[in-house]
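# Fold and contact review
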Amino acid sequence: MQHIADLENVKSYKIRLEFTDRFEPSLVSDGGLPFVSLKEEILANMISEEAEAIREKYGRIPYGSPLYLWEAEYQGKVELLYIGRTTRQKIQKRFEGHGAVIKILATYVNDPESKVYFRLCSRLDLSYEKTGTFYTIAVEHLPLNQAQHVINDVEAYLIYRTKPFFNSHYKKNEKSYWKEFYIETIRNITI
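Reference entry: report on the structure contained in this document. (Residues numbered from 1 in each chain as written. Predicted model: local features only at pLDDT ≥ 70, side-chain atom pairs only at ≥ 80, totals over all residues. Heavy atoms only, no water.)

## Quick look at the nonpolar core
Residues Ile 15, Leu 17, Leu 124, Leu 126, Leu 142, Val 150 and Leu 158 are the most contacted members of the largest nonpolar core, which totals 31 residues. Mapped onto this core, the elements with two or more residues apiece are strand S1 (12–19), helix H2 (38–44), strand S2 (67–74), strand S3 (77–85), strand S4 (114–130), helix H6 (144–162) and strand S6 (180–187). For this core, the element with the most residues is H6, which contributes eight residues. Not counting residues within four places of it along the chain, the set of residues in contact with Leu 124 comprises Ile 15, Arg 16, Leu 17, Tyr 63, Pro 66, Leu 67, Ile 137, Ala 138, Val 139, Val 150 and Ile 151. (Core = buried A, V, L, I, M, F, W, Y, C linked by side-chain atoms within 4.5 Å. Buried < 20%, exposed > 50% of the residue type's maximum accessible area, 1.4 Å probe, protein only. Helix = DSSP H or I, 4+ residues; strand = E, 2+ residues; numbered from the N terminus. Contact = heavy atoms within 4.5 Å.)

Quick look at the structure:
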């Protein structure tokens, strides 16, 4: 099996990161969320018979949304509550079994003055130089283990910079990253 991109001999990279506009939590139960995991998306981007079958089934390569965030709006102020990641599970499955999501919804469900929303990562592109050539690729074009390193690092960096209330890891100490990276552009989250 062959991947479109590989960060094996890359020392550093730049990130373009975007999150969607707000989604209502009711979408978790309506089936309106991405219907593949990042793992499945990476498989669909490969050159193999299994990948061809996935592309044929969906008519395109579906998007798995490897990062997400939850936020609340209260009295006109927006508070970032949680940043999470998922690579092997579909986002809906991740939400259904995740303790932080349950805590968030339970905290705000009975407060008529607050609203809770989530956003999904809609773009996670990497730019890098390798042997004198510059590349820009999507994270889903990497081998799964490399994509997981990138996603883990970006999630940890965002948590460290924004310190969401319901996150517990990486709020106090910055993670030792797999490779050096810089977030070049970002949309719908302030760091």
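On we go.
## Notes on helix H5 (residues 99–108)
Along H5, the residues that are buried comprise Ala 100, Val 101, Ile 104 and Tyr 108. Along the long axis of H5, the arc covered by the buried residues comes to 100°, so they all point the same way. Away from its buried face, by an angle of more than 90 degrees, H5 presents the exposed residues Lys 103 and Ala 106. Where H5 is buried, its residues touch S2, S3, helix H4 (91–96) and S4. (Arc of directions from axis to C-beta.)

## Structural notes on the environment of Thr 87
Tracing the backbone shows Thr 87 in the loop between S3 and H4. Take Thr 87: its relative accessible area is 11%, and that puts it in the buried class. Between the C-alpha atom of Thr 87 and that of Leu 144, which follows or precedes it by 57 residues, the distance is 8.4 Å. For Thr 87, the contacting residues outside a window of four places in its chain are Ser 37, Leu 38, Lys 39, Gln 148 and Ile 151. A distance of 3.2 Å separates a polar atom in the side chain of Thr 87 from a polar atom in the side chain of Gln 148. (Polar contact = N/O pair within 3.5 Å; in protein donor to acceptor, adjacent residues only side chain to side chain.)

## Examining the pattern of salt bridges
Under the counting rule described, the total for this entry stands at eleven salt bridges. Here Glu 71 ties to Arg 22 by a salt bridge, and the two come within 3.1 Å at their closest N and O atoms. Here Glu 71 is found in strand S2, whereas its partner Arg 22 is found in the loop between S1 and helix H1 (27–30), with 49 residues between them in sequence. Judged by relative accessible area, which is 30%, Arg 22 ranks as partly exposed. For Arg 85, the salt bridge goes to Glu 155, with nearest N and O atoms at 2.8 Å. Of this pair, Arg 85 sits in strand S3 while Glu 155 sits in helix H6, and the two are 70 residues apart along the sequence. The partly exposed category is assigned to Arg 85, whose relative accessible area is 33%. The exposure class assigned to Glu 155 is buried, which follows from its relative accessible area of 7%. (Salt bridge = Lys/Arg side-chain N within 4 Å of Asp/Glu carboxyl O.)

## A short note on the environment of Lys 14
The topology assignment puts Lys 14 in strand S1. Considered as a pair, Lys 14 and Glu 52 are 38 residues apart in the sequence and their alpha carbons are 30 Å apart. With residues up to four places along the chain from it excluded, the contact list for Lys 14 reads Asp 125, Leu 126, Ser 127, Tyr 182 and Glu 184.

Any link to function would need more than the numbers given here.
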